[in-house]
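# Reading the structure
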Amino acid sequence: GMGDPDDVDKYFKEDEDFYGLGHARPKEKFFELYGIHTDTKTVEDHLCTFVGKPMMEKFKPHLRKNGMGIDYSEFEFAWKDPNPPANQAATA
(Lines give C-alpha, C1' and ligand atoms only; values in the text may rest on other atoms or scores of the structure.)
Protein backbone atom coordinates (compact mmCIF):
# COMPACT_ATOMS: atom_id res chain seq x y z
CA GLY A 1 0.00 0.00 0.00
CA MET A 2 0.89 3.61 -0.40
CA GLY A 3 0.09 4.51 3.17
CA ASP A 4 -3.68 4.66 2.73
CA PRO A 5 -5.36 2.81 5.63
CA ASP A 6 -8.13 1.71 3.23
CA ASP A 7 -5.52 -0.07 1.07
CA VAL A 8 -3.90 -2.10 3.84
CA ASP A 9 -5.60 -5.34 2.81
CA LYS A 10 -5.42 -4.74 -0.95
CA TYR A 11 -1.72 -5.16 -1.68
CA PHE A 12 0.34 -8.32 -1.95
CA LYS A 13 2.15 -8.83 1.34
CA GLU A 14 2.81 -12.56 1.44
CA ASP A 15 6.57 -12.11 2.03
CA GLU A 16 6.40 -8.95 4.14
CA ASP A 17 7.12 -10.77 7.41
CA PHE A 18 10.02 -12.65 5.82
CA TYR A 19 11.70 -9.64 4.19
CA GLY A 20 10.36 -6.87 6.40
CA LEU A 21 10.14 -3.21 5.54
CA GLY A 22 13.50 -2.31 7.05
CA HIS A 23 14.46 0.18 9.72
CA ALA A 24 16.80 2.57 7.88
CA ARG A 25 13.98 5.03 7.31
CA PRO A 26 10.21 5.08 7.66
CA LYS A 27 8.29 4.26 4.49
CA GLU A 28 6.97 7.83 4.44
CA LYS A 29 10.55 9.12 4.09
CA PHE A 30 11.14 6.70 1.20
CA PHE A 31 7.98 7.92 -0.53
CA GLU A 32 9.03 11.55 -0.06
CA LEU A 33 12.59 10.99 -1.29
CA TYR A 34 11.50 9.35 -4.52
CA GLY A 35 8.49 11.51 -5.37
CA ILE A 36 5.72 9.12 -4.41
CA HIS A 37 2.62 11.03 -3.29
CA THR A 38 0.51 8.73 -1.15
CA ASP A 39 -2.27 11.28 -0.74
CA THR A 40 -2.95 11.50 -4.49
CA LYS A 41 -1.51 8.08 -5.41
CA THR A 42 0.75 9.66 -8.01
CA VAL A 43 4.48 9.74 -8.65
CA GLU A 44 6.89 12.31 -10.00
CA ASP A 45 8.18 11.41 -13.46
CA HIS A 46 11.76 11.34 -14.74
CA LEU A 47 13.36 9.84 -11.62
CA CYS A 48 15.72 7.92 -13.92
CA THR A 49 17.38 11.25 -14.84
CA PHE A 50 18.38 11.59 -11.19
CA VAL A 51 19.53 8.03 -10.48
CA GLY A 52 23.29 7.59 -10.81
CA LYS A 53 25.84 10.38 -10.47
CA PRO A 54 23.37 13.18 -9.59
CA MET A 55 21.84 11.01 -6.87
CA MET A 56 25.22 10.01 -5.45
CA GLU A 57 26.34 13.65 -5.33
CA LYS A 58 23.20 14.52 -3.35
CA PHE A 59 23.26 11.50 -1.03
CA LYS A 60 27.01 11.01 -0.42
CA PRO A 61 27.37 13.85 2.11
CA HIS A 62 24.82 12.00 4.26
CA LEU A 63 26.66 8.68 4.52
CA ARG A 64 26.66 7.33 8.06
CA LYS A 65 29.99 7.53 9.87
CA ASN A 66 29.88 3.74 10.37
CA GLY A 67 29.58 3.22 6.59
CA MET A 68 26.16 1.61 6.90
CA GLY A 69 24.21 3.59 4.31
CA ILE A 70 22.57 6.98 4.34
CA ASP A 71 21.60 8.80 7.54
CA TYR A 72 18.05 9.79 6.62
CA SER A 73 17.33 11.42 9.98
CA GLU A 74 18.75 14.78 8.88
CA PHE A 75 18.45 14.38 5.13
CA GLU A 76 15.82 16.66 3.62
CA PHE A 77 15.19 15.92 -0.04
CA ALA A 78 12.16 15.22 -2.18
CA TRP A 79 12.39 14.31 -5.86
CA LYS A 80 10.45 16.75 -8.04
CA ASP A 81 10.09 16.20 -11.77
CA PRO A 82 12.28 18.84 -13.45
CA ASN A 83 10.08 18.65 -16.54
CA PRO A 84 6.48 18.08 -15.38
CA PRO A 85 3.74 17.45 -17.97
CA ALA A 86 2.68 21.14 -18.05
CA ASN A 87 6.24 22.11 -19.03
CA GLN A 88 6.45 19.31 -21.60
CA ALA A 89 3.41 20.65 -23.45
CA ALA A 90 4.87 24.18 -23.46
CA THR A 91 8.20 23.02 -24.90
CA ALA A 92 6.76 20.60 -27.48
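That block above? That's the structure.
Being a predicted model, the structure only gives us computed values, none of them experimental.

### Topic: the overall build of the chain
- Scanning the chain from terminus to terminus reveals four helices and two strands.
- Sequence-ordered secondary structure for the chain, helices as α and strands as β, is α-α-β-β-α-α.
- Among the 92 residues that make up the chain, the fraction classed as buried is 16%.
- In the chain, of all internal contacts separated by at least 6 residues, the share reaching a separation of at least 24 is 61%.

### Quick word on the pattern of salt bridges
- All chains considered together, the criterion is met by two salt bridges.
- Note that Lys-27 is salt-bridged to Glu-28, the shortest N-O span being 3.4 Å.
- By relative accessible area, Lys-27 is classed as partly exposed at 41%.

### A look at unusual backbone geometry
- Positive phi is not limited to glycine here, since Lys-41 has a value of about 55°.
- Relative to the assigned elements, Lys-41 resides in the loop between strand E1 (36-37) and strand E2 (42-43).
- For Lys-41, a relative accessible area of 43% gives the class partly exposed.
- If you check the backbone angles, His-46 has positive phi at about 65° while not being a glycine.
- Along the chain, the position of His-46 falls in the loop between E2 and helix H3 (53-59).
- On the accessibility criterion, His-46 (30% relative accessible area) is partly exposed.

### Describing the side chain of Lys-29
- Among the secondary structure elements, Lys-29 is positioned in helix H2 (residues 27-33).
- The exposure class of Lys-29 is buried, given its relative accessible area of 10%.
- Of the polar contacts made by the side chain of Lys-29, one reaches the backbone oxygen of Phe-75; its length is 2.6 Å.
- Leaving out residues up to four positions away in the same chain, Lys-29 has contacts with Tyr-72, Phe-75 and Glu-76.

Calculation notes
Residues numbered from 1 in each chain as written. Predicted model: local features only at pLDDT ≥ 70, side-chain atom pairs only at ≥ 80, totals over all residues. Heavy atoms only, no water. Helix = DSSP H or I, 4+ residues; strand = E, 2+ residues; numbered from the N terminus. Buried < 20%, exposed > 50% of the residue type's maximum accessible area, 1.4 Å probe, protein only. Contact = heavy atoms within 4.5 Å. Salt bridge = Lys/Arg side-chain N within 4 Å of Asp/Glu carboxyl O. Polar contact = N/O pair within 3.5 Å; in protein donor to acceptor, adjacent residues only side chain to side chain.

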